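Listed below are the residues making up each chain.
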Amino acid sequence: MDGQLSIFETKQEKTTSKVVNVSSVPQRSPFRYPGGKTWLIPVVRKWLKQSKETKTLIEPFAGGGIVSLTAAFESLADKIVMVELDHEVAAVWEVIVNGDHNWLADKIYSFDLTSENANLILKKEVKTIKEQAFSTILKNRIFHGGIITKGSGQIKNGENGKGIKSRWYPKTLRDRILAVAHVKPKMKFITGDAFAELEKIKNDVNIYSFIDPPYTVAGRRLYTHFEIDHDALFALTSQLKGKFMLTYDDTEEIRGLAVRYNLDFRTIPMKTTHHIQKNEIIISDNFDWWK
Ligand SMILES: C[S@@+](CC[C@H](N)C(=O)[O-])C[C@H]1O[C@@H](n2cnc3c(N)ncnc32)[C@H](O)[C@@H]1O
């Protein structure tokens, strides 16, 4: 691959030094998503605009789905496929993208949020897919940092002493769901495994893959499904015939994998939710679009 960086090089031109300005990125996801990629949207826009040909975008580790939603709203792709393995997260997308979004929008809007009512919903053991979708949204809004894994807990005092209501914006959530409904015809959601879905499309040249896997230490706390085989993901990504963008924390391990699979990369600074500045690494089949 041309312009390959060795793991020891840190050439300035391979790096963007400015933190991306996210003020131009509308919040379209009903989720608060830890590790969400809203901040990367200006870069994703450039990547998707590299050719004018008809394209399908696949987001195999969809999470909060901000990349898919942006592509759908801004017509950056003709078809969009989202994939997510976590059954709690997947239920939300199943209902919004493939199912009865109105039910979920109304349920959120009309729900009387008290600790008691929330517990009744969260503690119910067997849930229909719609109930699961609502339960996930509720948990995502009333648990610390939006973290819905086992071991996370409900907000006690919240912002301005508003307790569990401090992140519950029923009208905004309803409106976001209804807005997504407008772009549903070009979207598809799959509850499933990223590897299996990428394997199916790996020879398709018209598919753009935006790959944002869970990674290392942070992933353990944030996601129920945090353990994936990163080496295998690099191997599979390197076989994709279409365009791809693979994102990770910038670590020696990841640089090592990029070098091993002969994949070119760039780094980009970002601020975490705790305002710590760190670098993210972007791996792609080409960087003609990167300016
Ligand atoms: C880093 S997050 C994606 C965040 C997303 N880009 C956003 O902006 O919200 C990774 C997601 O991959 C999901 N996941 C983990 N293993 C998976 C697998 N094998 N297949 C599909 N999804 C998986 C996790 O549940 C998590 O939601």
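The structure this text deals with has already been given above.
Criteria and thresholds
Residues numbered from 1 in each chain as written. Predicted model: local features only at pLDDT ≥ 70, side-chain atom pairs only at ≥ 80, totals over all residues. Pairing = 2+ DSSP bridges. Helix = DSSP H or I, 4+ residues; strand = E, 2+ residues; numbered from the N terminus. Axes fitted to C-alpha atoms, helices over the stretch in contact; angles between N-to-C directions. Buried ≥ 20, exposed ≤ 12 C-beta atoms within 10 Å, placed from the backbone. Contact = placed C-beta atoms within 7 Å. Near = placed C-beta within 6 Å. Nonpolar A, V, L, I, M, F, W, Y, C, P; charged D, E, K, R; others polar. Parallel < 35°, antiparallel > 145°, perpendicular 65-115°, else oblique. Left-handed = near helix turned anticlockwise from the far one by under 90°. Arc of directions from axis to C-beta.

1. Some points on the pairing of strand S7 (residues 277-284)
Each regular strand displays side chains that alternate between the two surfaces of the sheet. For strand S5 (residues 243-249) and S7, the ladder comprises five bridges, and the chain directions are antiparallel. Pairing of Tyr248 across the sheet is with Ile281, part of S7. Relative to S7, strand S6 (residues 264-271) runs antiparallel, the two sharing eight bridges. Opposite Pro269, over in S7, you have Asn279 as the bridge partner.

2. Observations concerning the sheet that holds strand S3 (residues 187-191)
Strands sit in the order S3-S2-S1-S4-S5-S7-S6 across an open sheet of seven strands; the sheet is mixed. At either end of the open sheet lies a strand with only one pairing partner, and these are S3 and S6. The mean inter-strand angle of the sheet, taken between neighbouring strand axes irrespective of direction, is 20°. Judged from the five bridges that link them, strand S2 (residues 79-84) and S3 form a sheet pairing that is parallel. Each bridged residue has a counterpart across the sheet, and for Val83 the counterpart in S3 is Ile190.

3. Let's talk about the environment of Ala258
Relative to the helices and strands, Ala258 resides in helix H11 (residues 252-260). Residue classification places Ala258 among the buried positions, given that 23 C-beta atoms sit within 10 Å. For the pair formed by Ala258 and Phe234, sequence separation is 24 residues and the distance between their alpha carbons is 7.4 Å. Filtering out sequence-adjacent residues up to four positions away, Ala258 remains in contact with Leu263, Phe265 and Ile283.

4. Quick word on the site of the ligand
For the ligand, the set of nearby residues contains 22 residues, the closest of which are Phe61, Gly63, Gly64, Ala194 and His225. Classifying every residue of the shell around the ligand by side-chain character gives twelve nonpolar, five polar and five charged.

5. Quick notes on the packing of helix H5 (residues 115-123) against helix H6 (residues 129-142)
At a closest axis distance of 9 Å, the pairing of H5 and H6 adopts a crossing angle of 130°. Regarding the angle of H5 to H6, the classification is oblique. The handedness of the crossing between H5 and H6 comes out as left-handed. Packed against H5, whose contacting residues are Ala118, Ile121 and Leu122, the element H6 presents Phe134, Ser135, Leu138, Lys139 and Ile142 at the interface.

6. Things to note about H11
Turning to H11, its buried residues are Ile254, Arg255, Leu257 and Ala258. Projected down its long axis, H11 carries its buried residues within an arc of 160°, all on one side. Of the residues flanking the end of H11, it is Asn262, one or two places downstream, whose phi is positive at about 60°.

Without other data, these values stay purely geometric and don't point to any function.
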